[in-house]
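# Commentary on secondary and tertiary structure
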Amino acid sequence: MQKIYAKPESLNKVSSPYCPGCLHGVAQKLMAQALDSLGLREKSIIVMGVGCVSLGRTYFNMDMVPAAHGRAPAVATGVKRIRPDRFVFTYQGDGDLAAIGTSEIIHCANRGENITTLFINNATYGMTGGQMAPTTLVGQTSTTTPAGRDPKTTGYPLKMAEIIATLEAPAYVARFALNSPANILKAAKGIETAFRMQVENKGFSFVELLSNCPTNWHMKPLDALATIEKNMIPYYPLGEFKVRK
Ligand SMILES: Cc1ncc(C[n+]2csc(CCOP(=O)(O)OP(=O)(O)O)c2C)c(N)n1
Ligand code: SF4
C-alpha cells in the first residue's frame, strides 16, 4: 500500500510533551516537514531557546544545542560560523526572543547571519505560568497585569517581524498564524522559504508564528484558536515583510 502520510523523520516517535491544544507541536511538525522535504535533517543543528519551546528537545531527531534564555541567536552565530556546512536554526518564544534576548536577535539579524529563526508569539510567558510578555496585547490579562496590560506603564506590544524587517541585512521576514488549516498551510510554505534562504546563502531569515497558550490564557483550545483570529491577527498582520530575490 502506498504511504501518503507519515510522521516526519525529523521528529522522534515520542508522545507530545505539550498541553492539550497548544500549537507548539504544530509549529514543530511544520519545521520538521520542511527539513525533511529539503533533505536537511542530517546536517541540521537546532539551537533551543528557553521556555515551552525547549520541551521540544525530546521531539527533534537531529543535533541540538541548548542556549541560555534569549541567547540562541548568539549561540547559533557561533555554531554557523564554525560549521558553515551545517543548517542552523533557532526556536524561540516571545519571552525568550523579545524580552531577555532582544539584543541578541536584533544584532544577529542586523549582521545578516546566515541562520534561520522561528519565533513563537503566544503573547505570554508560557512555561513560568503566564506573566506578561513584550507581545502581550493591550488589555490582555496576565499574572503580572491582572487588570489587563496598560501601555501607560508597560508600553505597547512589540511587533518583532516589522522591527526586523526595517533592518538592511535580513533576507526573509514573515509572520504567519497557526490557528486554522488555511493559515497552517501558508506557514508551512513560509517556513520552507525561510529555510531555503539559508541553503542558498542569502542571509538571515525570520518567521514569526502566532500561537496560543490555552493553559495560561485560561481558555479551551477552540476558544484559544478563535482568540488568535479575533485579537492577535488584527494587531499582528500576517504576510511576508521582506523577501530577497
Ligand atoms: C536567565 C533566565 N531568566 C529567567 C528564566 C525563567 N524563565 C524560564 S522560561 C521563561 C519564559 C518563557 O516564555 P516564552 O519565551 O514566551 O516561551 P513559552 O514558554 O511561552 O513558549 C522564563 C522567564 C530563565 N530560565 N533564565
Ligand atoms: S504552558 Fe502554554 S505554551 Fe506551554 S505547553 Fe502549555 S499551552 Fe503550550
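Our subject is the structure listed above.
Everything in this summary refers to the structure shown in the same document.

Rules and cut-offs
- Residues numbered from 1 in each chain as written.
- Chains lettered and ligands numbered in written order.
- Predicted model: local features only at pLDDT ≥ 70, side-chain atom pairs only at ≥ 80, totals over all residues.
- Heavy atoms only, no water.
- Helix = DSSP H or I, 4+ residues; strand = E, 2+ residues; numbered from the N terminus.
- Rg over C-alpha atoms; globule rule 2.2 N^0.38 Å.
- Buried < 20%, exposed > 50% of the residue type's maximum accessible area, 1.4 Å probe, protein only.
- Pairing = 2+ DSSP bridges.
- Axes fitted to C-alpha atoms, helices over the stretch in contact; angles between N-to-C directions.
- Parallel < 35°, antiparallel > 145°, perpendicular 65-115°, else oblique.
- Left-handed = near helix turned anticlockwise from the far one by under 90°.
- Contact = heavy atoms within 4.5 Å.
- Nonpolar A, V, L, I, M, F, W, Y, C, P; charged D, E, K, R; others polar.
- Polar contact = N/O pair within 3.5 Å; in protein donor to acceptor, adjacent residues only side chain to side chain.

## Some words on the overall build of the protein chain
- Along the protein chain, the regular secondary structure elements total nine helices and seven strands.
- Relative to the globule expectation of 18 Å for 245 residues, the C-alpha radius of gyration of the protein chain, 17 Å, shows essentially globular dimensions.
- For the protein chain, the spread of C-alpha atoms along the principal axes amounts to about 50 × 50 × 30 Å.
- Here the protein chain holds 245 residues, and 52% of them are scored as buried.

## Remarks on the sheet that holds strand β1 (residues 44-48)
- Spatially, seven strands are ordered β2-β1-β3-β4-β6-β5-β7 in an open sheet, and the strand pairing comes out mixed. The open sheet is flanked by β2 (63-66) and β7 (239-243), the only strands paired with a single partner. For this sheet, the mean inter-axis angle between neighbouring strands, taken without regard to orientation, is 15°.
- Taken together, the four bridges between strand β5 (residues 172-177) and β7 define a ladder with antiparallel strand orientation. Pairing of R175 across the sheet is with G239, part of β7.

## A word on the packing of helix α1 (residues 24-37) against helix α7 (residues 181-199)
- The interhelical angle for the contact between α1 and α7, taken along N-to-C directions, is 50°, at an axis separation of 9 Å. In this view, α1 runs oblique relative to α7, as classed from their interaxial angle. In terms of crossing hand, the pair formed by α1 and α7 is right-handed. The residues of α7 that touch α1, namely those facing V26, L30, M31, A34, L35 and S37, are I184, A187, A188, I191, E192 and F195.
- Looking at the contact of α1 with α7, its residues break down into 10 nonpolar, one polar and one charged.

## Structural notes on the environment of N212
- By the secondary structure assignment, N212 is in the loop between β6 (205-210) and α8 (214-217).
- Apart from residues lying up to four places away in sequence, N212 is in contact with G21, C22, L23, N122, W217, A224, L225 and I228.
- Of note is the side chain of N212, whose polar atom sits 3.0 Å from the backbone oxygen of G21.
- One polar contact links the side chain of N212 to the main-chain amide nitrogen of L23, over a distance of 3.0 Å.

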